[in-house]
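# Examining the three-dimensional arrangement
These are the residues of each chain, in order.
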Amino acid sequence: MPLVLVVMMLVAVMAASVQQVAWRSLRAAESRWRAQHAQYAAESELVRWASSWASSWAAESAALVPIGTRREQTRTEADGWRIQRSVVRTGVLSMVAVARAERGASSDTRTADVSGGRLRDATLIRRTVWRAFWLEPPPLPILGAGTILGDVSGNASGLSGRDIAEPRVAVAADGAGDECGPLRDTLSLPALVASSVDRATVPAPDTRTLAPLTADSARQTFDAAWSAMLARAGAGSLNGVGAVSPMAPWHAVVLRGATGVTIAAPSRVVGLLMIEGDLLLRAPLRVDGLLVVRGAVRSPDAALEVRGALVVRDAARRGTVLGEGTVVRYAPCMAGRALVAVALSRNAPFRVWNSP
């Protein structure tokens, strides 16, 4: 009898041990499955966001957010998974998207730190995936503070290609803050680059003339970029007094006219302003960002101020005339931010997909 009891107890112990091993194996398999599920959920969130971001053409919304500002969105699925997505622009034409998926046994997966006197949830599963994106704009030839792919005459003394940090303006005030701050890469360019320069009226210092082959190549590049920009820009208009109708900051708009566009009242644009045809100024125009004109620019009497860059195609070869009130200050961060509104997201050249 005692032998039978001993054997039965031994069998019970062995059965309990086997059961415990089975339970541990099941828990380990379940944990591995949940961890894999979390990684797939985080990756799927980024793929879904990247696809919807590209299809709905939200590049201009990326330009609205200054460098370093983080946008977050959190949602909880029906099966308890909590997925958080964070997007931040890390440079003028770059941004990083991060997705985190987590799930624990408790309903609230936001566990306290051990230093706070509470233990973390041992059942918590968390995976984080981040991806770097390159915002690729059309290859617009920005060769100087003012790029004129045609003849130019007048007073160009107000043009400067030096990348000088200006006082940072709060974006909430007028939307035109230079988000790069005081640190610069010394990406200075010539003040004026043109196909042909009237040396009798345009001062020679910091002015360069393009070789014929280089000018033709720049025109071809402009035409290709212009077609892509037209497809991604909205339509702008002039109001009753001849001023540019107000537009949201850091959007891309194009103005069209039968014989060009004439601005007859003081106007200001923050972002990308495109002109289909010639641009005639009879009143001051200020552009914080990028001014792109497919025709010629004529501002003999009115003031033209650009903080960013000016690019003129002069397709009809009528010649650009700059007045004494023309001021163009090269600012690569502002010109680049304006181009974000017509950029496409690319994983290259980074090709970084990290799943720690």
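Scroll up to find the structure this text is about.
So, how was this worked out
- Residues numbered from 1 in each chain as written.
- Predicted model: local features only at pLDDT ≥ 70, side-chain atom pairs only at ≥ 80, totals over all residues.
- Heavy atoms only, no water.
- Helix = DSSP H or I, 4+ residues; strand = E, 2+ residues; numbered from the N terminus.
- Buried < 20%, exposed > 50% of the residue type's maximum accessible area, 1.4 Å probe, protein only.
- Areas by Shrake-Rupley, 256 points an atom, 1.4 Å probe, with all protein chains shown as cover.
- Pairing = 2+ DSSP bridges.
- Polar contact = N/O pair within 3.5 Å; in protein donor to acceptor, adjacent residues only side chain to side chain.
- Salt bridge = Lys/Arg side-chain N within 4 Å of Asp/Glu carboxyl O.
- 1 Å grid on protein atoms, 1.4 Å probe; cavity = no way out; pocket = protein on both sides within 12 Å on 5 of 7 lines; lining within 4 Å.
- Points joined across faces, edges and corners; volume = space filled by probe spheres on them.
- Nonpolar A, V, L, I, M, F, W, Y, C, P; charged D, E, K, R; others polar.
- Core = buried A, V, L, I, M, F, W, Y, C linked by side-chain atoms within 4.5 Å.
- Phe/Tyr/Trp six-rings, centres within 6.5 Å; stacked < 30°, edge-to-face > 60°.
- Contact = heavy atoms within 4.5 Å.

### Side note on the overall build of the protein chain
- Across its full length, the protein chain holds five helices and 20 strands.
- A burial count over the protein chain gives 45% of its 356 residues as buried.
- When the accessible area of the protein chain is evaluated, it comes to approximately 17800 Å², of which 57% is carbon and sulfur surface.

### Looking at the pairing of strand 4 (residues 125-136)
- Here ten bridges tie strand 3 (residues 94-103) to strand 4, and the two strands are oriented antiparallel to one another. The partner of M95 across the bridge, within strand 4, is F133.
- When strand 4 meets strand 19 (residues 344-346), the two strands line up antiparallel, connected through three bridges. By the bridge assignment for strand 19, W134 is matched with R346.

### Observations regarding the side chain of R85
- Along the chain, R85 turns up in strand 2 (residues 82-91).
- R85 gets classed as buried once you look at its relative accessible area, which sits at 14%.
- A polar contact is formed between the side chain of R85 and the side chain of E45, at a distance of 2.7 Å.
- Of note is the side chain of R85, whose polar atom sits 2.5 Å from the side chain of Q73.

### Let's talk about the pattern of salt bridges
- Within the structure shown, the criterion is met by 13 salt bridges.
- Across the salt bridge formed by R286 and D288, the nearest N and O atoms sit 3.3 Å from each other.
- On the basis of relative accessibility, which here comes to 0%, the residue D288 falls in the buried class.
- One salt bridge in this structure joins D288 and R307, with 3.2 Å as the shortest N-O distance. Here D288, found in strand 14 (residues 285-293), pairs with R307, found in strand 16 (residues 304-312); they are 19 residues apart in sequence, far enough to count as distant. Neither residue differs from the other here; D288 and R307 are each classed as buried.
- One network of salt bridges, with partners in common, ties together E45, R48, R75 and R85.

### Brief notes about unusual backbone geometry
- Of note, W250 is a non-glycine position whose phi angle comes to about 60°, a positive value.
- Structurally, W250 can be placed in the loop between strand 9 (234-235) and strand 10 (251-256).
- Phi at R317 takes a positive value of approximately 55°, unusual for a residue other than glycine.

### Overview of empty space enclosed by the protein
- Taken as a whole and assessed by the stated rule, the structure comprises one cavity of 30 Å³ or more.
- Along its surface, the largest cavity is lined by V65, T69, R71, V87, V88 and R89.
- Here the lining of the largest cavity gets three residues from one element, more than from any other, and that element is strand 2.
- Residues that form the lining of the largest cavity fall into these classes: three nonpolar, one polar and two charged.

### Some details on the nonpolar core
- L140, M229, L272, L290 and V292 are the most contacted members of the largest nonpolar core, which totals 53 residues.
- Here this core takes seven residues from helix 1 (residues 2-55), the largest share from any one element.
- Ranked by size, the runner-up nonpolar core spans 33 residues in total, among them A191, L281, V297 and Y330.

### Details of the packing of aromatic side chains
- Enumeration over the complete set of coordinates arrives at one aromatic pair.
- Ring centres of F222 and W226 lie 5.8 Å apart, and the angle between their planes is 15°; this geometry places the pair in the stacked category. On the criterion of helical spacing, the pair formed by F222 and W226 is a turn pair, its members being four residues apart in helix 4 (residues 212-232). As far as burial versus exposure is concerned, F222 and W226 are alike and both buried.

### Some thoughts on the environment of V152
- Tracing the backbone through its elements, the reader meets V152 in strand 5 (residues 146-154).
- Considering only alpha carbons, one finds V152 and V197, 45 residues apart in sequence, at a separation of 5.2 Å.
- Discounting residues that sit within four places of it in the chain, V152 has contacts with L192, A194, S196, V197, D198, V202, T320 and L322.

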